[in-house]
Amino acid sequence: MDKYYKGKNVLIFGGFGYTGTFFAERLFNLGAKVTIVARNAKHGSDKHGRYPEVYGLAKVISLDPLADFEPLKDHLDKADIVLNLIHGEKNNFAYQHSIVIFNFKLLHYCHENGLNPVLVHFGSRLEYAKDCKLPIKENSELNPDNVYGFCKLMSEMHYQFFNRNFRLRTICLRISNVYGSVKEIPL
């Protein structure tokens, strides 16, 4: 695995949450060149001040990718791997819609410009129906009952569409919190 990531340009959107900072550190330690694009990412600002170590692991760009796509193009042109960790305010319809639009622009830009980085979309357990039988499996019913789950599913469908029809290298993950004792987790 070290050999795969060594020297790769990894672009992370929304990299100042717990997951993003974990990925930045891990990828840096594997030899990747990490760039994080985050709103209000000036060193020491609000939530970003909680992870000052990230500034030593990654190039940090303070830019709202949902508001201005144009400056991202140079970074996308150089990216080998793109991790999209943007999730935003879960009950804000307009904000969630802007994330769906951003994902489509990202995929379309890569397709139109012949770019083929590995594009990783981080979805949610909230894409599944609320009353799914546990444990939830990949083929469990998809039927979100909130705007966050719905928009995550719409973005995931865009990633799948661009993979099937244009051969973009996309990966879709549905993240969930694991809880309970290890003995309870069926393997």
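Residues numbered from 1 in each chain as written. Predicted model: local features only at pLDDT ≥ 70, side-chain atom pairs only at ≥ 80, totals over all residues. Heavy atoms only, no water.

## Some words on the packing of aromatic side chains
Under the counting rule described, the total for this entry stands at 11 aromatic pairs. With a centroid separation of 4.9 Å and 90° between ring planes, the pair formed by Tyr4 and Tyr5 is classed as edge-to-face. Given a relative accessible area of 39%, Tyr4 falls into the partly exposed group. Members of the aromatic cluster, connected to one another through ring pairs, are Phe13, Phe69, Phe102 and Tyr109. Across from the ring centre of Tyr4, 4.3 Å away, lies the NZ or CZ of Lys8, which sits over that ring. The ring of Tyr148 has Lys90 sitting right over it, with the charged end atom 4.7 Å from the ring centre. (Phe/Tyr/Trp six-rings, centres within 6.5 Å; stacked < 30°, edge-to-face > 60°. Buried < 20%, exposed > 50% of the residue type's maximum accessible area, 1.4 Å probe, protein only. Lys NZ or Arg CZ within 6 Å of the ring centre and 35° of its normal.)

## A closer look at the pattern of salt bridges
Enumeration over the complete set of coordinates arrives at four salt bridges. For Glu70, the salt bridge identified is with Lys73, shortest N-O distance 3.0 Å. For Lys73, a relative accessible area of 23% puts it in the partly exposed group. Of the charged contacts in the structure, one is a salt bridge between Arg174 and Glu127, with a shortest N-O distance of 3.3 Å. Of this pair, Arg174 sits in strand β6 (residues 170-175) while Glu127 sits in the loop between β5 (118-124) and α6 (147-166), and the two are 47 residues apart along the sequence. Exposure remark for Arg174: the relative accessible area of 25% places this residue in the partly exposed category. A residue is classified by how much of its surface remains accessible, and Glu127, at 0% relative accessible area, is buried. Linked through salt bridges whose partners overlap, the residues forming this network are Glu127, Glu156 and Arg174. (Salt bridge = Lys/Arg side-chain N within 4 Å of Asp/Glu carboxyl O. Helix = DSSP H or I, 4+ residues; strand = E, 2+ residues; numbered from the N terminus.)

## Some remarks on the sheet that holds β6
Here six strands make up an open sheet; going across it, the order is β3-β2-β1-β4-β5-β6 and the pairing parallel. Each edge of the sheet is formed by a strand with only one pairing partner; in this case those strands are β3 (58-62) and β6. Across this sheet, the average inter-strand angle for adjacent strands is 20°, counted without regard to direction. Of the strand pairs in this sheet, β5 and β6 are connected by six bridges, and their pairing is parallel. The residue bridging Gly123 from the neighbouring strand is Arg174, located in β6. Of the strands in this sheet, β1 (9-13), β4 (81-84), β5 and β6 are in contact with helix α5 (residues 93-112), which crosses β5 at around 165°. (Pairing = 2+ DSSP bridges. Axes fitted to C-alpha atoms, helices over the stretch in contact; angles between N-to-C directions. Contact = heavy atoms within 4.5 Å.)

## A look at the side chain of Gln96
If you trace the backbone, Gln96 turns up in helix α5. Look at Gln96 and you get buried, because its relative accessible area is 1%. A polar atom in the side chain of Gln96 sits 2.7 Å from the backbone oxygen of His87. Ignoring any residue separated from it by four or fewer positions in sequence, one finds Gln96 in contact with His87, Gly88, Glu89, Lys90, Val147, Tyr148 and Cys151. (Polar contact = N/O pair within 3.5 Å; in protein donor to acceptor, adjacent residues only side chain to side chain.)

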